[in-house]
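One letter stands for each residue in the lines below.
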Amino acid sequence: MTCIEARGLRKAFGTVIALNGVDLCVEEGRILGLIGPNGAGKTTLLNAILGLTPYQGELKVLGRDPWTERDQLMRDVCFIADVAVLPRWIRVSQALDYVAGVHPRFDRAKAEGFLAKTTIGRDRKVRELSKGMVAQLHLALVMAIDARLLVLDEPTLGLDILYRKQFYDSLLNDYFDRSRTIVVTTHQVEELEHVLTDVVFIDRGRIVFNCSTEEFESRYLEVMVNPEHVAAAGALRPIQERQALGRSILIFDLMTLDKVDRQQLATFGDVRTPSIADLFVAVMNSQAGPAQGAAR
Amino acid sequence: MNTQSNAMNEFDSQRVAPAAVSGTRPLYWSIRRELWENRSIFVAPLAVAGVALSAITLSSIAGIWEKRLRLNPAQPHAPYEMAAGLMMLTGIVVSVFYCIDALHSERRDRSILFWKSLPVSDLTTVLAKASIPLIILPLLTFAITVAMQSLMLLLSSAVALASGSRVATLLTNISFLRMSWLLLYHILTAHALWPAPMYCWLLLVSGWPRRAAFLWAALPLVAIAGVEQIVFHTWHFAALVGGRLIGAAPMVTSTSPDMFPTDPMTHLSMGSFLSSPGLWMGLAVAALFLAAAVRLRRYQGPI
């Protein structure tokens, strides 16, 4: 079943175009990483999916129109923005009471179970908790909701590495079960690239790259080229070239190469799958070129 | 294909089964949320009542000292009326400050993203907020006032006993039940229904500007009043707004305006109040403001 279906999604704030015709289709059970530079339209896209902002174009989330049916949609969708959205005046027990009161799919015992593993006291106020504890509390609330789609917008922003790791670990071990869908944006791609099933790059309101991680692994190749082969490798149109520790590292898109060239790559040096972050940089640089040209 | 869709149906029905939150529960919990967040709603009236009671106690002790009941026998209800007036004034102040911040605070602290991530509609949220000045605070003001007046009556009886006056005379002079009933009537009509458009206006404006909501709320009213004064040399609009806010509702009672509304001699005129066009026009305007506030909240995110 399709979880998110967007066609020609557009959104402008005055003269600034935040979304410029986004087409996106996310099937149920995927973990999609939405990656883009600051101001690329990530948050605007998530806000449209969550019914927080009006838009032009077609958008269906779990078969509903998010803008007109936000309150019903939120029975099946959970959302963590960044760590600072829990009201500072609320007590932990009040937050549990409130969510249990308004959410038909909230399992209070489960939330209490998650909280029991932390040091968060029930009568503490959110303003008295550390940033990491607030994230734990929010995650405990969200994970106790039997939702079909979880949207995370920079959920670990400002957390230290221990909390970040724990956050994604509990999300995967205690929450994700293949029938749920997760959409996550983050700047720390390397921390969750092993859990993603799909990667989408967004730049200036457009989706510039969209592929599953299996396809990613079979399609892109990073070669640490031995010095004597640099010229030959460069002739095979790498999509990115960088220097590290005195050696050239080239990323190739195998779709653009024929069989002979592919076999040749292995002889140039050490071959491996590039990281998402490196490919992101490569894609962004190749995007930037034509756009700058157009600006002139 | 079939098995897949069957499995999907089964899956769907499993998901739908626990969805049994009745329609009023989100409203109930949204009101609880307002009371948690804005503790001044009950702290302020309680504090005022406490201070006033202490002052009255001191005065009564002085009365024992002087060996007389410090009450004017011609106006046995005067202290109770003063107490009620004080509490109603507190109610107005708390309502105004609550309303002007109602839709602003959740945007300021970004918690609107949390509230909107839960299955609670904007209508429910706005209704919960409107119920604070229109239902919760009037009832709370009534309850605290009656409790305060009961304590005052007890205190007077104690002073009367201690100073040798006759308690029975005191008690027969004061018609407590009628006073309470009149108070409830007055609060619900003149302090909830009548000023509803003012409170809903403040609520609406609280959702609009990034800062200085109070100015945005007051300036249009001042401007309209000013234009009216310059063009027509009259103060009708200012009188209208002022009257709405302080609960100066005509037609609530048929007695002279000098008389305190909870004076036992007051004649109620519920019929003429309920049939007055001013009331219904006001409520219609209030409903319009609330509808606009619901729409506004739909569009708005954190500041």
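Residues numbered from 1 in each chain as written. Chains lettered and ligands numbered in written order. Predicted model: local features only at pLDDT ≥ 70, side-chain atom pairs only at ≥ 80, totals over all residues.

1. A word on helix α9 (residues 176–193) of chain B
All names here are of chain B.
- The terminal C-alpha atoms of α9, which comprises 18 residues, lie 24 Å apart, in line with the 26 Å expected from a rise of 1.5 Å per residue.
- Three or more residues of α9 are buried, namely M179, L182, L183, H186, I187, T189, A190, H191, A192 and L193.
- Packed against the buried residues of α9 are α4 (78–102), α7 (122–163), α10 (196–206), α13 (270–274) and α14 (277–299). (Helix = DSSP H or I, 4+ residues; strand = E, 2+ residues; numbered from the N terminus. Expected span 1.5 Å × (residues − 1). Buried ≥ 20, exposed ≤ 12 C-beta atoms within 10 Å, placed from the backbone. Contact = placed C-beta atoms within 7 Å.)

2. Structural notes on the nonpolar core
All names here are of chain A.
- In this structure, V77, A95, L137, A140 and V151 are the most contacted members of the largest nonpolar core, which totals 96 residues.
- Looking at this core element by element, the count peaks at 9 residues for helix α5 (residues 131–143).
- The residues that make up this core include at least three from each of domain 1 (2–204) and domain 2 (215–295).
- Not counting residues within four places of it along the chain, the set of residues in contact with V77 comprises L50, V61, A147, L149 and V151. (Core = buried A, V, L, I, M, F, W, Y, C linked by C-beta atoms within 7 Å. Domains from an automatic or database assignment.)

3. Regarding the pairing of strand β11 (residues 240–244) of chain A
Residue and element names in this part refer to chain A.
- Taken together, the 5 bridges between β11 and strand β12 (residues 247–253) define a ladder with antiparallel strand orientation. Bridge pairing in β12 places Q240 opposite I251.
- Adjacent in sequence and paired antiparallel, β11 and β12 are bridged by 2 residues, among which L245 carries a positive phi angle near 50°. (Pairing = 2+ DSSP bridges.)

4. With respect to the packing of α7 of chain B against α14 of chain B
Residue and element names in this part refer to chain B.
- The interhelical angle for the contact between α7 and α14, taken along N-to-C directions, is 130°, at an axis separation of 9 Å. Our classification of the angle between α7 and α14 gives oblique. Between α7 and α14 lies a crossing whose hand is right-handed. For the pair formed by α7 and α14, the contact residues are D122, L123, T125, V126 and A130 on the first element and L290, A293, V294, R297 and R298 on the second.
- Each residue belonging to the contact of α7 with α14 can be placed in one class, and the counts come to 6 nonpolar, 1 polar and 3 charged. (Axes fitted to C-alpha atoms, helices over the stretch in contact; angles between N-to-C directions. Parallel < 35°, antiparallel > 145°, perpendicular 65-115°, else oblique. Left-handed = near helix turned anticlockwise from the far one by under 90°. Nonpolar A, V, L, I, M, F, W, Y, C, P; charged D, E, K, R; others polar.)

5. Description of the pairing of strand β3 (residues 31–35) of chain A
Residue and element names in this part refer to chain A.
- Counting buried positions along β3 yields 5 of 5 residues, so the element is predominantly enclosed.
- Neither face of β3 is left uncovered, since the one carrying I31, G33 and I35 and the one carrying L32 and L34 both have all their residues buried.
- Looking at chain direction, β3 and strand β7 (residues 181–185) are connected through 4 bridges and run parallel. In the strand pairing of β7, L32 is matched with V183.
- Strand direction decides the pairing type here: β3 and strand β8 (residues 198–203), joined by 4 bridges, are parallel. Note that in β8 the partner of L34 across the bridge is V200.

6. Quick look at the sheet that holds β11 of chain A
Residue and element names in this part refer to chain A.
- Sheet architecture is open: 4 strands sit in the order β11-β12-β10-β13, paired in antiparallel fashion. Lying at the two open borders of the sheet, with one neighbouring strand each, are β11 and β13 (269–272). Here the average twist between neighbouring strands, direction ignored, is 20°.
- In the sheet, strand β10 (residues 220–225) pairs with β12 via 6 bridges, with the strands oriented antiparallel. Note that in β12 the partner of E222 across the bridge is I251.
- Most of the contacts of helix α9 (residues 259–268) go to β10, to which it runs at about 40°, and overall it touches β10, β12 and β13.

7. Details of the domain arrangement of chain A
Residues and elements named next belong to chain A.
- Domain assignment breaks chain A into domain 1 (2–204) and domain 2 (215–295).
- If you average the C-alpha positions of domain 1 and of domain 2, the two centres end up 34 Å apart.
- Of the residues lining the interface, 8 residues belong to domain 1; the matching set on domain 2 comes to 8 residues.
- Among the elements that line the side of domain 1 that touches domain 2, the one with the most residues is β8, at 3 residues.
- Class assignment for the residues of the side of domain 1 that touches domain 2 results in 5 nonpolar, no polar and 3 charged.

8. Comments concerning the sheet that holds strand β2 (residues 16–27) of chain A
Residues and elements named next belong to chain A.
- What the 3 strands build is an open sheet, ordered β2-β1-β4; its pairing is antiparallel. Strands with a single pairing partner mark the edges of an open sheet, and in this sheet they are β2 and β4 (56–61). Put simply, the sheet's adjacent strands are angled 15° from each other on average, direction ignored.
- Examined bridge by bridge, strand β1 (residues 2–13) and β2 share 9 bridges and lie antiparallel to one another. Looking at the pairing, K11 lines up with L19 of β2.

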